[in-house]
Amino acid sequence: MALLILAHPYYAQSIANKTIVNALIKTYPDIEVRDIFQLYPDYKIDVSAEQEALLRHDTIILQYPMFWFNMPAILKLWFDEVFTYQFAYGSQGDKLKDKKVIISMTVGQKEADMVTEQENLIDSFLKAVQHSILYTQMQISGTYLLYEVSPVTGNSESEIKLKAVEHGHKVLKHLTEA
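Residues numbered from 1 in each chain as written. Predicted model: local features only at pLDDT ≥ 70, side-chain atom pairs only at ≥ 80, totals over all residues. Heavy atoms only, no water.

A. Highlighting the overall build of the protein chain. Check the secondary structure of the protein chain and you find 6 helices and 5 strands. What you see in the protein chain, going N to C, is helices and strands ordered as β-α-β-α-α-β-α-β-α-β-α. Its C-alpha atoms give the protein chain a radius of gyration of 16 Å, near enough to 16 Å, the size a compact globule of 178 residues would have. By principal-axis analysis of the C-alpha atoms, the protein chain measures approximately 50 × 40 × 35 Å. (Helix = DSSP H or I, 4+ residues; strand = E, 2+ residues; numbered from the N terminus. Rg over C-alpha atoms; globule rule 2.2 N^0.38 Å.)

Here's what the structure looks like:
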């Protein structure tokens, strides 16, 4: 069984993230979904509940949109508060060791807009997430990025949904093969 940490402050208005999550739930009904913004709209995270959820699963999916070249604030706070000393790191902090993490992120812009002559902005952005995962002795099992999911890019809602369903199937395939 897998745990999906959903971190989208505007999930009700989301097209891509909602489609991805619904596709995963439909085809993998045993998945536990924790919508951390819905659970903690006041940003007061129940650390023990989140740690218990992590302990119940061997695979964790992080599902979130990119916000200003970063993760949503609720996900950053979740990392800060849930990955505590002697739980996630430290001399006895091996509770997450060897768990697999799948990163599934949506990006409103075109992929080409995220690359400059100097760097791939997405690669730079993902380093903080990747280092946090590795620091806790978990393993990055896969990274799935879905670009052009904003109506601003000219894609229709049906085009975005189609891309999101395909993305969800890629994540699911990885999940079932892992």
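B. Just helix α6 (residues 157-177), in detail. If you check α6, its first and last C-alpha atoms are 30 Å apart, about what 21 residues at 1.5 Å a residue would give, namely 30 Å. Restricting attention to buried positions, one finds in α6 the residues I160, A164, H167, G168, V171, L172, H174 and L175. Burial along α6 is one-sided: seen end-on, the buried residues are contained in an arc of 160°. Seen from the open side of α6, the exposed residues pointing more than 90 degrees away from its buried face are S158, L162, K170, K173, T176 and E177. Structurally, α6 contributes buried residues whose contacts are with β1 (2-6), α1 (16-27), β3 (59-65), β4 (100-106) and β5 (139-146). (Expected span 1.5 Å × (residues − 1). Buried < 20%, exposed > 50% of the residue type's maximum accessible area, 1.4 Å probe, protein only. Arc of directions from axis to C-beta. Contact = heavy atoms within 4.5 Å.)

C. Molecular detail of the packing of α1 against α6. At a minimum axis separation of 8 Å, α1 and α6 run at an interaxial angle of 45°. It follows that α1 is oblique to α6 by the angle criterion. For the pair α1 and α6, the crossing hand works out as right-handed. Seen from α1, the contacting residues are A16, T19, I20, L24 and T27; seen from α6, they are I160, K161, A164, V165, H167, G168, H169, V171 and L172. Taken together, the residues of the contact of α1 with α6 sort by class into 8 nonpolar, 5 polar and 1 charged. (Axes fitted to C-alpha atoms, helices over the stretch in contact; angles between N-to-C directions. Parallel < 35°, antiparallel > 145°, perpendicular 65-115°, else oblique. Left-handed = near helix turned anticlockwise from the far one by under 90°. Nonpolar A, V, L, I, M, F, W, Y, C, P; charged D, E, K, R; others polar.)

D. View of the sheet that holds β4. The sheet built from 5 strands is open, its strands ordered β2-β1-β3-β4-β5 with parallel pairing. Because the sheet does not close on itself, it has two edges, and the strands there are β2 (32-35) and β5. Neighbour-to-neighbour, the strand axes of the sheet open up by a mean angle of 15°, direction not taken into account. Where β1 and β3 come together, 5 bridges link them in parallel fashion. Directly across from L3, in β3, lies its bridge partner I60. Running over the sheet, α1 touches β1, β2, β3, β4 and β5 and is turned about 155° from β3. Helix-sheet contacts for helix α3 (residues 47-55) involve β1, β2 and β3, and the interaxial angle to β2 is about 155°. (Pairing = 2+ DSSP bridges.)

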